[in-house]
There are 4 protein chains.
Amino acid sequence: MSKFLELKRECYEANMQLPEYGLVIFTFGNVSAVDRKEGVFAIKPSGVDYSILKPEDIVIVDYDNNIVEGSMRPSSDTKTHAFLYKEWEEIGGITHTHSTYAVSWAQAQMDIPIFGTTHADYLTTDIPCAPPMSDELIKGNYEHMTGQQILDCFQEKGISHKEVEMILLGNHGPFTWGKTAAKSVFNSKLLEELAKMAYLTRQINPQAPRLKDALIDKHWQRKHGKDAYYGQS
Amino acid sequence: MSKFLELKRECYEANMQLPEYGLVIFTFGNVSAVDRKEGVFAIKPSGVDYSILKPEDIVIVDYDNNIVEGSMRPSSDTKTHAFLYKEWEEIGGITHTHSTYAVSWAQAQMDIPIFGTTHADYLTTDIPCAPPMSDELIKGNYEHMTGQQILDCFQEKGISHKEVEMILLGNHGPFTWGKTAAKSVFNSKLLEELAKMAYLTRQINPQAPRLKDALIDKHWQRKHGKDAYYGQS
Amino acid sequence: MSKFLELKRECYEANMQLPEYGLVIFTFGNVSAVDRKEGVFAIKPSGVDYSILKPEDIVIVDYDNNIVEGSMRPSSDTKTHAFLYKEWEEIGGITHTHSTYAVSWAQAQMDIPIFGTTHADYLTTDIPCAPPMSDELIKGNYEHMTGQQILDCFQEKGISHKEVEMILLGNHGPFTWGKTAAKSVFNSKLLEELAKMAYLTRQINPQAPRLKDALIDKHWQRKHGKDAYYGQS
Amino acid sequence: MSKFLELKRECYEANMQLPEYGLVIFTFGNVSAVDRKEGVFAIKPSGVDYSILKPEDIVIVDYDNNIVEGSMRPSSDTKTHAFLYKEWEEIGGITHTHSTYAVSWAQAQMDIPIFGTTHADYLTTDIPCAPPMSDELIKGNYEHMTGQQILDCFQEKGISHKEVEMILLGNHGPFTWGKTAAKSVFNSKLLEELAKMAYLTRQINPQAPRLKDALIDKHWQRKHGKDAYYGQS
């Protein structure tokens, strides 16, 4: 019997939240969940419809993209997941979708401005949009370099993946991550909602200002600071 | 046995309408219900998902923010609710959400113009948007001062909370209230719909005029005036 | 036993389609159905929520607004229905809603241009938007004059209520009608869809041209002309 | 017993996906499925609501529009389907809808630009919008010439129906096709999603650039090229 039953189940359940949250149609998304002790992660098989996906279809892969267990081909984005798990030891799950509003900002090649406290409750900066990859890299190890593209964007903007758990890839779409697979899905839903609100805000008032620093700080601190008083402790 | 069973039930049911009406995702909202005789109000616990919320989780708090009954931490917005109950003796319930269109107008920092009779059936003025708080106040007793911010806005604009049962807080989102908790939820749904219609109206015709006074007056009077003929008496 | 049981049932079922089609929230709409032989019509009671509406709540009214049967107060828009039934002998049902996109065009005070064949399949002109009523009339017999406003608009534009079964009232919202109550509800849903498509069309291309005459004629003729070949005969 | 039972069933099931995917209201759509060996295709009857459609209602027609089996009148668009089956031997199914965003681009008379990898995963060019037909042709054999209009558009733009399985007809709406009826429905849903994303992209950034060639090529190749690694082989 597989020793990854629980990991597969966690990965399966996180994947099934994507259609439930309205974040995917067809097979436009994938979630992975890592087992740090074993040095492997579980990921959705490529091109399998959510309506027929089963826990046992989930594929187990190591950080170098070798299939450890599973008879199906893993997501075509597997190398990007592997790259991020290798680089970022703190994360436990990764989600990729083509959700409507997040993709639209990615196609517009623009960061999503921090316009309000809904945004500041979770992150203190604009949501970064990485510029499209150079042609040379695209023709090479594309999905691996997508991971590099994410790292480079965070480095250039001087932001930390521990504080900002989401990114848009220019012309492509969003990747999000978190301490667990479920948290990475939460972040994908949050991103989609922030993307929609920011879109509407600029349609209503093209000169809408970014949220001022005092409010950014207050809302983030009350949820995540050392004296946080949001939620049950 | 708790003497607040009925109050908790009323508060619970009003809270559960928020996801049903599509006004919240995750934990982005809270409703409270007051018991004027006992001088306390019931409010949603902080950060608890609607899918697992139970009537017995509801927290009982007095107007000075002391927990009277309940083992969970109340909503992080509790001080704003307490402030308003103390100031406005007529109100029986308060709702706060991050609903999409209302937040977008709040982020645009603009009042929602009264464009039609759907709006005039319920209130005779634009829906006010309070300017963001000063940095000094934000760093202080923030949620308490949010109540003050609401009061100040109504005073400056010369409108009454008995006639206008809703406000947008700039960069944040909507608060609504009413004679009961259920009425405050109704007002949140109404506000979201008016916010969407006003958004579309201005997209179709940026020069759309405000509703003229004769129509404002007629529609409000037929629903709320002394010779009102809307609804069952 | 009431002789209007069947009429009430028809009216009730047409009303219940409004929330099913997503055309109303709360009590924002009403449908009536006429019995030409008896000279009366059935209409939704005022302010009753769709979730609790029952067939026996439906009120029977004559063309002069006298209640013929029913213990509840009829819709506050009853006089408009009565006016139209009196003037237009061919119609069998009337629907009024505050559906989102139709109201937004009404608030923008603009006709909905005929942009495509979806529109031409049902009517050959722009959907008219009547200008707001004069202040004098508003202060008078408002709902009665709303019927007059509809008649005047059709006369000024030289269009017939037999061919164009819908109108927007400036700053208010849509009225639609048809041979039966169900057909008037169909027209309300159709109008909402055409209003949304026309909105999007102009957002994509502000210079989008109206549909040319040859296509208007072709699509209308193939559905409604003497050699129509759409549907089952 | 009919020898077309299975063909009718395939056609029926594909048609029923249209309301499930939110692509049609009322009777605004039709799907057909071909049997190449028999030289006939199955198509939805005209004007029959999806809620009452049954497999046995499906009509069997040959490529010259003769009814081979069935008691109902076939879709008013049947001649367009027949034309395309005759011209394009590779296709197995055709779908026509009036879905909201696709129709809006058709009414705007604009191609849908290829803005991102969601688009490039399926086709490498803009989605073509055919200019409206000349008045002379409209007055003639309209639905037959609609097929010709599609062919002409592909020829003028130098694109192949084997690679681009969708088109917008100016002022009208989308036609899509594929190896099976189900695939043609998939393409209709895909088109609607791409149309919505492209709409939002241009609203956010009117200067949004088209996707660059290297990314177009990469995404298409990884799904459809000879070394494709998407999906299960």
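The following refers to the structure shown. (Residues numbered from 1 in each chain as written. Chains lettered and ligands numbered in written order. Predicted model: local features only at pLDDT ≥ 70, side-chain atom pairs only at ≥ 80, totals over all residues. Heavy atoms only, no water.)

Examining the relation of the copies chain B and chain A
Placing chain B over chain A gives an RMSD of 0.0 Å and needs a rotation angle of 90°, together with 0.0 Å of translation along the axis. Here the transformation between the copies is reduced to the relation of a four-fold axis. Identified as the residue of chain B closest to the rotation axis by C-alpha distance is Gln203 of chain B, at 5.7 Å. (Least-squares fit on C-alpha atoms with pLDDT ≥ 70 in both.)

Some words on helix H7 (residues 181–204) of chain D
An α-helical turn contains 3.6 residues, so a residue and the one three or four places further along point in the same direction. For H7 of chain D, built from 24 residues, the straight-helix expectation of 34 Å at 1.5 Å per residue is met to within 8% by its first-to-last C-alpha distance of 35 Å. Burial analysis of H7 of chain D places 20 of its 24 residues in the buried class, which makes it a mostly covered element. (Helix = DSSP H or I, 4+ residues; strand = E, 2+ residues; numbered from the N terminus. Expected span 1.5 Å × (residues − 1). Buried < 20%, exposed > 50% of the residue type's maximum accessible area, 1.4 Å probe, protein only.)

Quick word on the sheet that holds strand E2 (residues 40–43) of chain D
Residue and element names in this part refer to chain D. Read from one edge to the other, the open sheet built from eight strands follows the order E4-E3-E2-E1-E5-E8-E7-E6, with strand pairing classed as mixed. A strand with exactly one partner marks an edge of an open sheet, and here the two such strands are strand E4 (67–69) and strand E6 (129–130). Pairing geometry for strand E1 (residues 29–35) and E2, over four bridges, is antiparallel. Directly across from Val34, in E2, lies its bridge partner Phe41. Running over the sheet, H7 touches E1, strand E5 (93–97), strand E7 (166–169) and strand E8 (174–178) and is turned about 140° from E8. (Pairing = 2+ DSSP bridges. Contact = heavy atoms within 4.5 Å. Axes fitted to C-alpha atoms, helices over the stretch in contact; angles between N-to-C directions.)

Observations regarding the interface of chain B and chain C
Chain B puts 35 residues into the contact, and the matching count from chain C is 37 residues. Summed over both partners, the interface of chain B with chain C buries about 3,200 Å², with 56% contributed by carbon and sulfur atoms. Per-residue buried area on chain B facing chain C is highest for Ile204, Tyr230 and Gln232 of chain B; these three make up 20% of the total on that side. For the pair chain B and chain C, the number of links is three salt bridges. Here Asp135 of chain C and Lys212 of chain B are joined by a salt bridge, their closest N and O atoms 3.0 Å apart. The interface formed by chain B and chain C contains 22 residue pairs in polar contact (both at pLDDT 80 or more). Where the side of chain B that touches chain C is concerned, the elements lending two or more residues are helix H4 (117–120), helix H7 (181–204) and helix H8 (213–224) of chain B. In terms of residue count, the dominant contributor to the side of chain B that touches chain C is H7 of chain B (12 residues). (Buried area = accessible area lost by both parts, 1.4 Å probe. Salt bridge = Lys/Arg side-chain N within 4 Å of Asp/Glu carboxyl O. Polar contact = N/O pair within 3.5 Å; in protein donor to acceptor, adjacent residues only side chain to side chain.)

Quick look at the pattern of salt bridges
Opposite charge on two side chains permits them to pair, given that their charged atoms come into close proximity. Residues and elements named next belong to chain A. This model, assessed by the stated rule, comprises 52 salt bridges over all chains. Between Lys162 and Glu90 there is a salt bridge, and its shortest N-O distance comes to 3.7 Å. With Lys162 in the loop between helix H6 (142–157) and strand E7 (166–169) and Glu90 in the loop between helix H2 (78–87) and strand E5 (93–97), this pair connects stretches of sequence that are 72 residues apart. Exposure remark for Lys162: the relative accessible area of 53% places this residue in the exposed category.

Section: the interface of chain B and chain A
Taken together, the 37 residues of chain B in the interface contact 35 residues of chain A. Counting the surface chain B buries against chain A, the share from its top three residues, Phe26, Arg73 and Gln107 of chain B, is 21%. A salt bridge links Asp77 of chain B to Arg222 of chain A; the nearest nitrogen and oxygen atoms lie 3.4 Å apart. At the junction of chain B with chain A, the criterion picks out 23 residue pairs in polar contact (both at pLDDT 80 or more). Those elements giving two or more residues to the side of chain B that touches chain A turn out to be helix H3 (100–108), helix H5 (135–139), helix H6 (142–157) and H7 of chain B. Looking at the side of chain B that touches chain A, the element that brings in the most residues is H3 of chain B, giving seven residues. Looking at the side of chain B that touches chain A residue by residue, the class counts come to 16 nonpolar, 15 polar and six charged. (Nonpolar A, V, L, I, M, F, W, Y, C, P; charged D, E, K, R; others polar.)

Some details on the packing of aromatic side chains
One pass over the full model with this rule turns up 40 aromatic pairs over all chains. Judged by centre distance (5.8 Å) and plane angle (65°), the rings of Phe26 of chain D and Phe28 of chain D are edge-to-face. Owing to a relative accessible area of 10%, Phe26 of chain D belongs among the buried residues under this scheme. By relative accessible area, which is 8% here, Phe28 of chain D ends up buried. Seen from the ring of Tyr50 of chain B, Lys44 of chain B lies directly overhead, with NZ or CZ sitting 4.9 Å from the centre. (Phe/Tyr/Trp six-rings, centres within 6.5 Å; stacked < 30°, edge-to-face > 60°. Lys NZ or Arg CZ within 6 Å of the ring centre and 35° of its normal.)

A word on the packing of helix H1 (residues 5–20) of chain A against helix H7 (residues 181–204) of chain A
All names here are of chain A. Running from N to C, H1 and H7 cross one another at 10°; their axes reach a closest spacing of 9 Å. Between H1 and H7, the crossing angle belongs to the class labelled roughly parallel. As for how H1 packs across H7, the hand of that crossing is right-handed. Residue-level contacts link Glu10, Ala14, Gln17 and Leu18 of H1 to Ala181, Ala182 and Val185 of H7. For the contact of H1 with H7, the residue count by class is five nonpolar, one polar and one charged. (Parallel < 35°, antiparallel > 145°, perpendicular 65-115°, else oblique. Left-handed = near helix turned anticlockwise from the far one by under 90°.)

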